[in-house]
Each structure stands twice: as structure tokens, then as C-alpha cells.
Amino acid sequence: MIKRLLLLPLILGVISPVLGEVNPSIHKKCLQAKDYLGCVKAMSGEELKRNQVSKNGNTCPTGYAYIGQGYCREVICRNWGSGLTNNPLVAGKKWRCQRMGAGKLNLDLGDSIKIGNNTKCPTGEPKIGWNSTCDKPYKEPPKKDRSYGKVILNLVL
């Protein structure tokens, strides 16, 4: 108890600029906290604002593209049917298909899941067809730098 009383003037001296902006009820609640400044930030919502992420999310798992309304779909490569073209939601973005012998695979979308959050990426929703807000400025990278879709082959017997 005596240590706290001796440390209180030191703590108050260090955070005195903050006290002018601290709500008195928050100040009173945090006065006994071991981490006064951390308590004030948490109680005032400052910490939440700093680490805020989009309510819908900002990052799809690896191999998934954002399709809107808070959902991602797995990017797949198919060989189904002749004349199949790349799905326009992922074509011209960061995705590509591996070549399988002489056959051509086309980009398509598979299973969907809810988007997640990554505090290392900018807040907001990703652009449709991209993996996350970390992909900004959303320019198609050179082929060698694109991500591969999961290969799904239709075997005809």
C-alpha cells in the first residue's frame, strides 16, 4: 500500500497531460490499476479505435478471394467443359492456374466462408476478387507473382 502511495505522484506526474482529457469516472476507476494509462485507454475505447477493423472483415484466408457482403470463396482451377472461361470475379486480379500438360485450366470459385480480420492490413473491405486490403493498390501483379488456385480436375472415364 505504501509503495502505491509513493508511486502515485510519479505516475500522476508522467500522465498529467492525459489527465486533462480523462473522464473523471474513468480516472477514479483506473487510479488503483497497475497500468493506469492502459486502463484509461481501455475504458475510454481509445485502444479499440486504434486496433479497429472492419465490421465485415478485411482478410480472406490464403487461396480465397473476397466476393462481397462479408464472404470469401476459394479460388479454384477447373478443366470442366470446353470453352469455359475465367470467372470474371477473379480474372485479371492476383490469381492464376498452373498448366496441366496440354490442357488449359480456368479460374473459378469454390466453397465460401466468412471473411476474417487481420490487424496488419488496412481497415475496410477488400475489393471484390482480391484476398485482402493488404493487396492494395489492387493492380494485377506479373504472372510470376500471382497466387495459384486450387486445382480441381474433372476426370472423364
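You'll find the structure just up there.
Residue positions are given per chain, counting from 1 as you read along its sequence in written order. Under the rules for a predicted model, residues below a pLDDT of 70 receive no local features and side-chain atom pairs below 80 are neither given nor counted, while totals for whole chains, interfaces and linings still include all residues. The side-chain figures draw on all heavy atoms in the structure; neither hydrogens nor water molecules are used.

Draft legend 1. The arrangement of the environment of Lys94 in detail. For the purposes of this entry, the term helix denotes a DSSP run of H or I that reaches at least four residues, the term strand denotes a run of E that reaches at least two, and both are numbered from the N terminus. Note on placement: Lys94 falls in the loop between strand E2 (71–78) and strand E3 (95–96). Distance from Lys94 to Tyr148, taken between C-alpha atoms, is 8.7 Å for residues 54 residues apart in sequence. When residues no more than four places from it in sequence are discounted, the contact partners of Lys94 are Trp130, Asn131, Asp135, Pro141, Arg146 and Ser147. Here Asp135 takes part through its side chain, which lies 3.4 Å from a polar atom of the side chain of Lys94. Throughout, a residue-residue contact means that at least one pair of heavy atoms, one from each residue, lies within 4.5 Å. The definition of a polar contact used here is a pair of N or O atoms within 3.5 Å, where within protein one atom must be able to donate a hydrogen and the other to accept one, and adjacent residues in sequence count solely through side-chain atom pairs.

Draft legend 2. Up close: unusual backbone geometry. Residue Pro137 is reached from Lys136 by a cis peptide bond, and omega for that bond is 20°. Structurally, Pro137 can be placed in the loop between strand E4 (106–114) and strand E5 (147–148). Within the chain, Gln69 stands out as a residue other than glycine whose phi angle is a positive 50°. Note that Gln69 resides in the loop between strand E1 (64–68) and E2. Taking relative accessible area as the criterion, Gln69 reaches 74% and is therefore assigned exposed. Unusually for a residue other than glycine, Tyr138 sits at a positive phi of about 60°. Here Tyr138 shows up in the loop between E4 and E5. Note on classification: 1.4 Å probe, protein chains only; a residue is buried when its accessible area is under 20% of the maximum for its type, exposed when over 50%, partly exposed between these limits.

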